[in-house]
Protein chains: 2
Amino acid sequence: MPRPPAAAGDVDGITLDELALATRNHGQPLEALRYDVTPPGLHYVLVHYDIPDVRADDWKLSVTGRVRTDLTLSLAQLQEMPAVTRHVVMECAGNGRARLVPRPISQPWLVEAVGCAEWTGVPLRAVLEQAGVESTAVEAVFTGADHGIERGVEQDYQRSLPLPVADDVLLAYAMNGRPLPPQHGFPLRLVVPGWYGMSHVKWLCDITLTGTPFTGYQQSVAYRLRDRPEDPGEPVTRIAPRALIIPPGFPDFMTRTRFVRPGLTSLHGRAWSGHGPIARVEVSTDHGHTWRDAEVAPRPADSHAWQAWRITWDPTPGPHLLTARATDVHGHTQPLQQPWNQGGFANNSVQEVTVQCR
Amino acid sequence: MPRPPAAAGDVDGITLDELALATRNHGQPLEALRYDVTPPGLHYVLVHYDIPDVRADDWKLSVTGRVRTDLTLSLAQLQEMPAVTRHVVMECAGNGRARLVPRPISQPWLVEAVGCAEWTGVPLRAVLEQAGVESTAVEAVFTGADHGIERGVEQDYQRSLPLPVADDVLLAYAMNGRPLPPQHGFPLRLVVPGWYGMSHVKWLCDITLTGTPFTGYQQSVAYRLRDRPEDPGEPVTRIAPRALIIPPGFPDFMTRTRFVRPGLTSLHGRAWSGHGPIARVEVSTDHGHTWRDAEVAPRPADSHAWQAWRITWDPTPGPHLLTARATDVHGHTQPLQQPWNQGGFANNSVQEVTVQCR
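Note that the structure is a prediction, hence the values are computed from the model and not measured.

> I would appreciate a short explanation of the overall build of chain A in the present structure.
Broken down by element type, chain A carries five helices and 24 strands. The C-alpha extent of chain A, read off along each of the three principal axes, is 70 × 45 × 35 Å. Across the 358 residues of chain A, 62% fall into the buried class. When contacts within chain A are restricted to residue pairs at least 6 apart in sequence, those whose partners lie at least 24 apart make up 73%. By element, 52% of the accessible surface of chain A is carried by carbon and sulfur atoms, the whole surface being about 13,400 Å².

> Mind showing me how you'd approach helix H1 (residues 16–24) of chain A here?
At 3.6 residues per turn, the α-helix brings residues three or four places apart onto the same side. Where burial is concerned, most of H1 of chain A is hidden: seven out of the nine residues are buried. Along H1 of chain A, the residues classified as buried are Glu18, Leu19, Ala20, Leu21, Ala22, Thr23 and Arg24 of chain A. Residues of H1 of chain A that are buried sit in contact with strand E5 (103–104) of chain A together with helix H1 (16–24) of chain B.

> Can you walk me through the domain arrangement of chain A in this structure?
Note on interface size: it is often stated as the accessible area lost on association of the parts. All names here are of chain A. For chain A, the assigned domains read domain 1 (8–235) and domain 2 (242–357). On a C-alpha basis, the centroid separation for the pair domain 1 and domain 2 is 26 Å. Listed per partner, the contact involves 39 residues of domain 1 and 27 residues of domain 2. Around 2,800 Å² of area is buried between domain 1 and domain 2 when both sides are counted, 57% of it from carbon and sulfur atoms. Linking domain 1 with domain 2 are three salt bridges, by the criterion used here. Between Arg270 and Asp36 there is a salt bridge; the shortest N-O distance is 3.0 Å. At the junction of domain 1 and domain 2, the tally comes to 18 residue pairs in polar contact (both at pLDDT 80 or more).

> Which parts of the structure should I look at to understand the relation of the copies chain A and chain B?
What relates the two chain copies is a rotation about an axis together with a slide along it. Each copy superposes on the other: chain A lies on chain B with an RMSD of 0.0 Å after a rotation of 180° and an axial shift of 0.0 Å. Classification of the inter-copy transformation places it as that of a two-fold axis. In this assembly, 98% of the residues forming the interface of chain A have copies in chain B that are likewise at the interface, indicating an isologous arrangement.

> Would you mind showing me how to read helix H3 (residues 124–131) of chain B here?
Residues and elements named next belong to chain B. Residues Leu124, Val127, Leu128 and Ala131 constitute the buried set of H3. Projection of H3 onto a plane perpendicular to its axis shows the buried side chains occupying an angular sector of 95°, all on one side. Positioned one or two residues after H3, Gly132 has a phi angle of 80°, which is positive.

> What is the right way to look at the interface of chain A and chain B in this model?
If you look at the interface, chain A gives 58 residues, while chain B gives 57 residues. The junction of chain A with chain B conceals about 5,200 Å² of combined surface from both sides, 60% of it contributed by carbon and sulfur atoms. Taken as a group, Ile149, Phe253 and Met254 of chain A account for 15% of the area that chain A buries against chain B, more than any other trio of residues on that side. Counting every contact that joins chain A to chain B gives 11 salt bridges. The interface formed by chain A and chain B contains 25 residue pairs in polar contact (both at pLDDT 80 or more). Only H1, strand E7 (139–150), strand E16 (250–251) and strand E17 (258–260) of chain A provide two or more residues apiece to the side of chain A that touches chain B. Per-class residue counts for the side of chain A that touches chain B are 27 nonpolar, 13 polar and 18 charged.

> What exactly am I supposed to notice about the pairing of strand E19 (residues 278–284) of chain A here?
Walk down a regular strand and you will see the side chains alternate between the two sheet faces. Residues and elements named next belong to chain A. Among the seven residues that make up E19, five are buried, leaving the element largely enclosed by the rest of the structure. Both E19 and strand E23 (residues 318–328) contribute to a ladder of six bridges, which runs antiparallel. Among the inter-strand pairings, Ile278 is bridged to a residue of E23, identified as Asp328. In this sheet, strand E20 (residues 292–293) lies alongside E19 in antiparallel orientation, the contact comprising two bridges. Pairing of Val283 across the sheet is with Arg292, part of E20.

> Before we go on, may I ask you to explain the sheet that holds strand E20 (residues 292–293) of chain B in this structure?
Each strand in a sheet pairs with its neighbour through backbone hydrogen bonds, running either in the same direction (parallel) or in the opposite one (antiparallel). If you walk across this open sheet you meet the six strands as E16-E17-E24-E23-E19-E20 (chain B), and the pairing is mixed. One side of each edge strand has no neighbouring strand; the edge strands of this open sheet are strand E16 (250–251) and E20 of chain B.

Parameters and conventions
- Residues numbered from 1 in each chain as written.
- Chains lettered and ligands numbered in written order.
- Predicted model: local features only at pLDDT ≥ 70, side-chain atom pairs only at ≥ 80, totals over all residues.
- Heavy atoms only, no water.
- Helix = DSSP H or I, 4+ residues; strand = E, 2+ residues; numbered from the N terminus.
- Buried < 20%, exposed > 50% of the residue type's maximum accessible area, 1.4 Å probe, protein only.
- Contact = heavy atoms within 4.5 Å.
- Areas by Shrake-Rupley, 256 points an atom, 1.4 Å probe, with all protein chains shown as cover.
- Domains from an automatic or database assignment.
- Buried area = accessible area lost by both parts, 1.4 Å probe.
- Salt bridge = Lys/Arg side-chain N within 4 Å of Asp/Glu carboxyl O.
- Polar contact = N/O pair within 3.5 Å; in protein donor to acceptor, adjacent residues only side chain to side chain.
- Least-squares fit on C-alpha atoms with pLDDT ≥ 70 in both.
- Arc of directions from axis to C-beta.
- Nonpolar A, V, L, I, M, F, W, Y, C, P; charged D, E, K, R; others polar.
- Pairing = 2+ DSSP bridges.

In structure tokens:
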């Protein structure tokens, strides 16, 4: 029986194990929110084990299980099928974890585990139509080439999706118009619009249709919303709404405190939700005492990109605490105080940006 | 008078300020040592302030000071000049800092702040010949477009090189055959073969030739080897030798401990020195009790790339501690116990990789 997935620490300091993850994985430097499309190297990356050494020539995608015809597809064969390109915001389910008290021990994200890229590939639907899905199939299980141990369980990275959700996903072989970088899943990855990052399986090499729900580690042990270790919990699925502010002015190297000059300025940022478009972004420049509505760019139909927002600000000399709060069209909004869970998942409490005006 | 550049903490835990740097900057996942040329997103990045929002159309390089003719060059003008391409290993001067006790408080690198890319651009020499260097010039001061505060000093990022060193540097506008990514200095950066990363000024916009040595913050306050804060210290310059092992087998997610199966295996890695080619890599698989010589690939003439090395290993079940030690042709070698300095600079003590064979 695997150990529970998230031991919570109430210590102040980040451990060397957490640091080792933070130095190899990386978030998005927040000034990169300025780009509509996030370049590789600025888009967040979380690799559970190692980036596998996959060569395109040796690689095949197998499609098996409850299908009428097993398929084995090369990259060239996938690239000959009709391609679609989608802008999709992607966020780690553990974003914000390191700000929780007590802190769940895992990759210690503060607020920056996000990116919005342009993904090109083949709709999974087209591949499944080619294989022929049996009527008894309920889920698709996706297997990556990355292999490791997590809480005592040796595994290939695997996640499943119920077939209705799987219908809307992409088998992506290009990011921003170029072959996938190694750390983003070369040569093929899943892109699941609206869902947290754990579902976007990288280095994808097998799709198996199953007649019962998948109970592998990443589905039934990790990535559950639990109040206590023994709680079976609810699965982590769609991205909760979030707004991020592009930190204004310029920073102090060590504290990342921002400095601005007095006078009218624009604050810019991005907002997104996995449930639908963002309807409202409210901004506070006085530590949450008062809020004003920002101007929010609409989200094009069929896009899963983040949305830009802006508001003017007239800072006076002294310290300021900036905060932004997003609400989507379904009324999901960001909490000012985050409810805690064992793994620190789906944490979308508001960002705080400390600014000195001088 | 600015505060000393590196307060040393003797606490165990990494602070949230250090973590905020670790989540935005990133090292090289060590399995990426397998690539001869490191892709962007895997090559280490350290950004002192923010990545500036530089557009190629608005950008110019000015060359001024002790020159006969001031120059203002566009990117297109630089790209019309004869180009050279060089493979250069680049390493942060603070690599390894977070393993020192007490730990200097800054970007908390463990061992992964390195990369080896292919840089294309114009030799600085060609631009200086066009401007005409006055005989009284002793240094070139390089100014980047990044702006921030460091220990109370508001500044554009600036570093200088003595003219004999400046003669061998590159004004690079391409990384691995593509325009520089934003985080690597778009549209132009300095590449100083053999020197630590602080000298490779990114987002380069001005070169000023001076008649006296530059005394700016990054030259005379930061990046000095000091035993105590009040010590003026020696400047950080060339990269000390280092060997890194590609961690064998597969990892545990949280501890990054490696797991291998019993039986003959190959250990691979890279080694480099800013003083010259690597002559020898010794490997220990028994916690430093015994050492064997690895097979080291030669470094091509005029290359500043890292060198590959390999050795066979026949692990038996149980725990093992792997370590590797590089020595360059001038006899510089890696210490087993690192001498400490205030900023944690030029730390090249040997890497340790914990492996469980089962």
